[in-house]
Amino acid sequence: MKIAVTYENGSVFQHFGHTEQFKVYEVEDGKVVSSEVVPTDGFGHGALAGFLNTHGVTALICGGIGGGARNALASAGIELYAGVQGSADAAVDALLAGTLAYSSDANCDHHGEGHECGHHHGDAGCGEHHGHGHGNGHGCCHS
């Protein structure tokens, strides 16, 4: 099993479509046996699902993610854990332990230039998962 995390400076990067690298974890018998940071080579948004699929990823942990990318991941058979913040390593450990706090409603659906981050039109914002409110005040576009 391979788990990918949108990755920047040790943390879960908060905008799937703009991530420049993933940290990919190889898991056997419920434990991480290896990990590596993999650059996206300029792929973005929906194309990232294909990128992850070619790397054998079966689950993704990320911050905010748009609807098109969600659909592409679902089509590729990749399980999605969105709305996650904090340490990438801790998030993978929590997923494996069955304690990862995530939100199936963490959207980032404002892809135009000059948008205001943090405005999610009534859905669970990227920094809010299951009411824990761990937001960093930047919405899902910046970390």
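Throughout this document, residue positions are counted from 1 along each chain, in the order its sequence is written. Residue-level local features of this predicted model are given only where pLDDT is at least 70; pairs of side-chain atoms are given and counted only at 80 or more, and the full residue set underlies all totals for whole chains, interfaces and linings. Note: side-chain values were computed over all heavy atoms of the structure, leaving out hydrogens and water.

J.: Now, about the overall build of the chain: what can you tell me, with residues and values included?
T.: Helix and strand definitions follow DSSP, with helices as H or I runs of at least four residues and strands as E runs of at least two, each counted in order from the N terminus. The helix and strand inventory of the chain stands at three helices and six strands. Within the span of the chain, comprising 143 residues, buried residues form 42% of the whole. By sequence separation, contacts in the chain at least 24 residues apart represent 53% of the contacts at least 6 residues apart. Accessibility throughout is a Shrake-Rupley quantity obtained with a 1.4 Å probe, and a residue counts as covered only by protein chains that appear here. Per element, the accessible surface of the chain, about 7000 Å² overall, is 46% carbon and sulfur. Only protein chains enter the area calculation, which uses a 1.4 Å probe; residues under 20% of their type maximum are buried, those over 50% are exposed, and those in between are partly exposed. It only takes one pair of heavy atoms within 4.5 Å for two residues to be counted as in contact.

J.: A description of the packing of aromatic side chains should follow, citing residues and the corresponding values.
T.: Both the distance between ring centres and the angle between the ring planes are used here to describe each pair of aromatic rings. Between 30 and 60 degrees the pair is tilted, below 30 it is stacked and above 60 it is edge-to-face, where a pair is any two Phe, Tyr or Trp rings, Trp via its six-membered ring, whose centres lie within 6.5 Å. Under the criterion given, the structure shown has three aromatic pairs. Plain terms: the ring middles of F16 and F22 are 6.2 Å apart, the flat faces sit at 55° to each other, and that makes the pair tilted. In terms of burial, F16 and F22 fall into one category: buried. Through successive ring pairs, a cluster of aromatic residues spans F16, F22 and F51.

J.: Lay out the environment of A90 with the relevant residues and their values.
T.: Relative to the helices and strands, A90 resides in helix α3 (residues 88–97). For A90, a relative accessible area of 42% puts it in the partly exposed group. The sequence separation of A90 and L100 amounts to 10 residues, and the corresponding C-alpha distance is 9.0 Å.

J.: Now, about the pattern of salt bridges: what can you tell me, with residues and values included?
T.: For this document, the term salt bridge refers to a Lys or Arg side-chain nitrogen within 4 Å of an Asp or Glu carboxyl oxygen. Tallying each qualifying case throughout the model produces one salt bridge. A salt bridge links D89 to K23; the shortest N-O distance between them is 3.0 Å. One end of the pair, D89, is in helix α3; the other, K23, is in strand β3 (residues 21–28), with 66 residues separating them in the sequence. Accessibility expressed as a relative area gives 36% for D89, which makes it partly exposed.

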